[in-house]
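Examination of the molecular architecture
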Amino acid sequence: MYHTLQQKISDQGMSPDKAKEQIDNFINGFPFLPIEEAASIGNGIKDFSDEELQKYIQHYSEKAPNQKIIKFIPASGAASRMFKDLFSFLEGDGDISKNSFVQKFIDNIEKFAFYKDLDHSLEQYGGIKKAIDQKNYQLIISHLLEDKGLGYGNLPKGLLKFHHYEDHDRTPTYEHFIEGVLYGQGMNNTVRLHFTVSPEHEDRFHEEIIEIQPKLEKEFGVKFDVSFSQQKKATDTIAVNPDNTPFEEEDGSILFRPAGHGALLENLNEIDGDLIFIKNIDNVVPDRLKDTTKEYKMALGGLLLDIQEKIFNGLDALGKKIDQDSVDYAQQIITELLQGKLPEGYNEMNLEEQGKYLQSKLNRPLRICGMVKNTGEPGGGPFWVKESDGSVALQIAETAQIDLDNPSQKEILQSSTHFNPVDLLCATKDYKGRKFDLLKYRDLKTGFITGKSKNGKELKAMELPGLWNGAMADWNTLFVEVPLITFNPVKTVNDLLRDEHQ
């Protein structure tokens, strides 16, 4: 039987050894992340003074025209979760009085950017208002979600109409083009956008871009360079039954599942850019609110370029000669600029050992992560984490990575003042201009195991180390507080009714 399973796994494109390694992870679980304390303002999180904000914006403005700048936008997520409550309502008895979410959706339906399209889709029934008069709410919702109407339930978020303007409506994809113009113009007056998409949606993204790109190039006098990639099948992970045996489909094949956003590290690793902004597809706002986002993105860029220059100078000096001056300078970069904490045994090392150690610490990918004040959103936050070499470094940790049964660890989590909004700026080349292999800087022990079900049967699924936590665990990291207004995700369709999206 096991030989048959091995054969099936091989036939489906995964080596039996890799499958065994993943099954061992299900059996043994992943270790918790040893957080030492929550990062806070002045202790791991920098906040810009007004003067610093303007200084770094200016620095970025001067340097950006010579940089290959890329906006990397994870956009493969389906919108179906946005409409979870509406799907449930469709399956029920149509009584809106039992469902406050649907009541709010219907009461405010004219405020959605897709209202006109939906009304047109219901033309043969007399339009939305007639359907509301007849209390036929399921008809309205079915035409929003199903392919007989707008088909929004089967589309990715990036292709839904989010924002209404006087003479047009915009999808998040459109808004990311506008953001690119505001802060992403780099070398050769070009805005470079890279979207990670699902294979079944790539054609629709192309259609959207063909429609908006020429118009925006003409309007803003810039060039757009747009590229796509898909989450690689090779990063899928095996699913198992509750007893950790491979989960078999009804046709006898083994179930493999996409391994979460951590799988996108492979896509990021193929990007050749000097500065790479990472921001989720749904975190966009209308033009009237974009100024703050623009300012802080540029300031983060200026800060990163400033720190990168100092790191490169330090590595260059150590590469030429390890002496007291070069070691002191590199040590200052780690402890002051990057706010890192050296291991206890560092002072016992001789000068040569210190120099080599500092080289290994500095010659890594670099990222700056915007952090917003914690408002109770679920998800990761900034922490000081104990490294295997005894040093303490900044990392983003998800709640699932923290041992909540340990009172002291739980207390550290609860003391956290900031939240990760996925607002990253990355530099992935070394001081000699060579691309880092990003796969070498992840912590494979930071995966996740979650409970799922398929066709009514329970299963366990595994996600790879998350893109901005475990997948970047060994990067040099700096956290900067950014205003809450720069974080406006759309998790449910009714989030589009918030002032920030109107």
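On a predicted model such as this, the values are computed, not experimentally measured, just so you know. (Residues numbered from 1 in each chain as written. Predicted model: local features only at pLDDT ≥ 70, side-chain atom pairs only at ≥ 80, totals over all residues. Heavy atoms only, no water.)

1. What to know about the overall build of the chain
To keep things clear, this is the line we draw: Helix and strand labels come from DSSP, where a helix needs a run of H or I of at least four residues and a strand needs a run of E of at least two; each type is numbered from the N terminus. It is over C-alpha atoms that the radius of gyration is taken, and the globule rule equals 2.2 Å times the number of residues to the power 0.38. Burial classes: relative accessible area under 20% of the type maximum marks a residue as buried, over 50% as exposed, and values in between as partly exposed (1.4 Å probe, protein chains only). Reported accessibility uses the Shrake-Rupley method at a 1.4 Å probe radius. Residues are deemed covered only where the shown protein chains occlude them. Positive: Lys, Arg. Negative: Asp, Glu. His and the chain ends are not part of the count. We put the charge of a Lys on NZ, of an Arg on CZ, of an Asp on CG and of a Glu on CD.
A tally of helices and strands in the chain yields 15 helices and 20 strands. In summary, the chain has a C-alpha radius of gyration of 25 Å against a globular reference of 23 Å for 502 residues, a match within 12%. Seen through its principal axes, the chain has C-alpha atoms that stretch 80 × 65 × 45 Å. Going through the 502 residues of the chain one by one, you find that 53% of them count as buried. Looking at the chain as shown, the accessible area adds up to about 22,900 Å², and 46% of this sits on carbon and sulfur atoms. Of note, the chain has its 58 positive side-chain charges centred 2 Å away from the centre of its 80 negative side-chain charges.

2. Quick word on the pairing of strand β13 (residues 366-373)
Rules: Strand pairing requires that DSSP identify at least two bridges connecting the strands.
With 7 of 8 residues buried, β13 is to be regarded as a mostly interior element. Of the strand pairs in this sheet, β13 and strand β17 (residues 423-427) are connected by 4 bridges, and their pairing is antiparallel. Residue pairing in the sheet places L366 in a bridge with A427 of β17. As defined by bridge partners, β13 adjoins strand β20 (residues 476-481) across 6 bridges and the pair is classed as parallel. The residue bridging L366 from the neighbouring strand is N476, located in β20.

3. Let's talk about the nonpolar core
Heads up, the rule is: What is meant by a nonpolar core is a set of buried Ala, Val, Leu, Ile, Met, Phe, Trp, Tyr and Cys residues, joined one to another through side-chain atoms within 4.5 Å. We call two residues contacting when some pair of their heavy atoms lies within 4.5 Å.
Grouped together as the largest cluster of nonpolar side chains are 41 residues, with contacts concentrated most on F48, Y60, L303, I311, L358 and L362. Looking at this core, the elements that each hand over two or more residues are α3 (50-63), β12 (275-279), α12 (290-320), α13 (324-337), α14 (351-362), β13, β17 and β20. Not counting residues within four places of it along the chain, the set of residues in contact with L303 comprises K46, F48, Y56, I368, L478 and V480. I96, I109, Y137 and F162 belong to the second-largest nonpolar core, a separate cluster that totals 33 residues.

4. Regarding the side chain of H59
Inspection of the secondary structure assignment puts H59 in helix α3. Here H59 falls in the buried class, since its relative accessible area comes to 16%.

5. Some details on the packing of aromatic side chains
Two measures describe an aromatic ring pair: the distance that separates the ring centres and the angle between the ring planes. For clarity, the cut-off: For Phe, Tyr and Trp, rings pair up if their centres lie within 6.5 Å, where Trp contributes its six-membered ring, and each pair is then called stacked (planes under 30 degrees apart), edge-to-face (over 60) or tilted (otherwise). Any Lys NZ or Arg CZ that is within 6 Å of a ring centre and within 35 degrees of that ring's normal is treated as a charge sitting over the ring.
Within the structure shown, the criterion is met by 14 aromatic pairs. Taking 5.6 Å as the distance between ring centres and 45 degrees as the angle between the ring planes, the aromatic pair formed by F48 and Y56 counts as tilted. Note on accessibility: F48 and Y56 belong to one class, buried. Ring-pair connections join several aromatic residues into one group, and the members of that group are F105, F112, F114 and Y152. For K341, the ring lying beneath its charged end belongs to W384, and the centroid distance is 3.9 Å. Sitting over the ring of F247, K457 keeps its end group 4.9 Å from the ring centre.

6. Comments concerning the sheet that holds strand β15 (residues 392-397)
Sheet strands associate in pairs through backbone hydrogen bonding, adopting either a parallel or an antiparallel arrangement. Put simply, the rule is: Inter-axis angles, ranging from 0 to 180 degrees, are taken between N-to-C directions of lines fitted to C-alpha atoms, where helices are fitted over the stretch in contact.
Strand order in the open sheet formed by 3 strands is β1-β14-β15, and the pairing between neighbours is antiparallel. The open sheet has two free edges, formed respectively by β1 (35-38) and β15, since each of these has just one partner strand. In this sheet, adjacent strand axes meet at a mean angle of 40 degrees when their direction is disregarded. In the packing of helix α15 (residues 407-414) onto the sheet, contacts are made with β1 and β14 (381-386), and the angle to β1 comes to roughly 30 degrees.

7. Notes on the layout of surface pockets
Under the convention used in this document: Cavity means a closed set of points on a 1 Å grid over the protein atoms alone, one where a 1.4 Å probe fits but cannot get out, pocket means an open set with protein on both sides within 12 Å along at least 5 of 7 lines, and lining means a residue has an atom within 4 Å of a point. Grid points are joined across faces, edges and corners, and a volume is the space filled by probe spheres set on the points. Amino acids outside the nonpolar list (Ala, Val, Leu, Ile, Met, Phe, Trp, Tyr, Cys, Pro) and the charged list (Asp, Glu, Lys, Arg) are all regarded as polar, and Gly is one of them.
Considering only enclosed or pocket space, the largest pocket measures out at about 2,100 Å³ in volume. Mapped onto the lining of the largest pocket, the elements with two or more residues apiece are β18 (448-454) and β19 (457-463). With 3 residues, β18 is the largest single contributor of residues to the lining of the largest pocket. A class-by-class count of the residues in the lining of the largest pocket yields 20 nonpolar, 18 polar and 12 charged. In this structure, the second largest pocket occupies an estimated 570 Å³ of space. Lining the second largest pocket are 33 residues, with E387, A393, Q395, A473 and D474 sitting closest to its centre. Ranked by residue count, the leading element in the lining of the second largest pocket is β15, at 4 residues.

8. Let's talk about the packing of α13 against α14
Applied cut-off: We call two directions roughly parallel when the angle between them is under 35 degrees, roughly antiparallel when it is over 145, roughly perpendicular when it lies between 65 and 115, and oblique otherwise. Each crossing gets its hand from how the near helix is turned against the far one by less than a right angle, where anticlockwise is left-handed and clockwise is right-handed.
Interaxial distance between α13 and α14 falls to 10 Å at its minimum, and their mutual angle equals 40 degrees. Here α14 runs oblique to α13, going by the angle between their axes. Relative to α14, α13 is oriented so that their crossing is left-handed. Across from Q324, V327, A330, Q331, I333 and I334 in α13, the residues of α14 making contact are L351, Q354, G355, L358, K361 and L362. The class makeup of the residues in the contact of α13 with α14 is 7 nonpolar, 4 polar and 1 charged.

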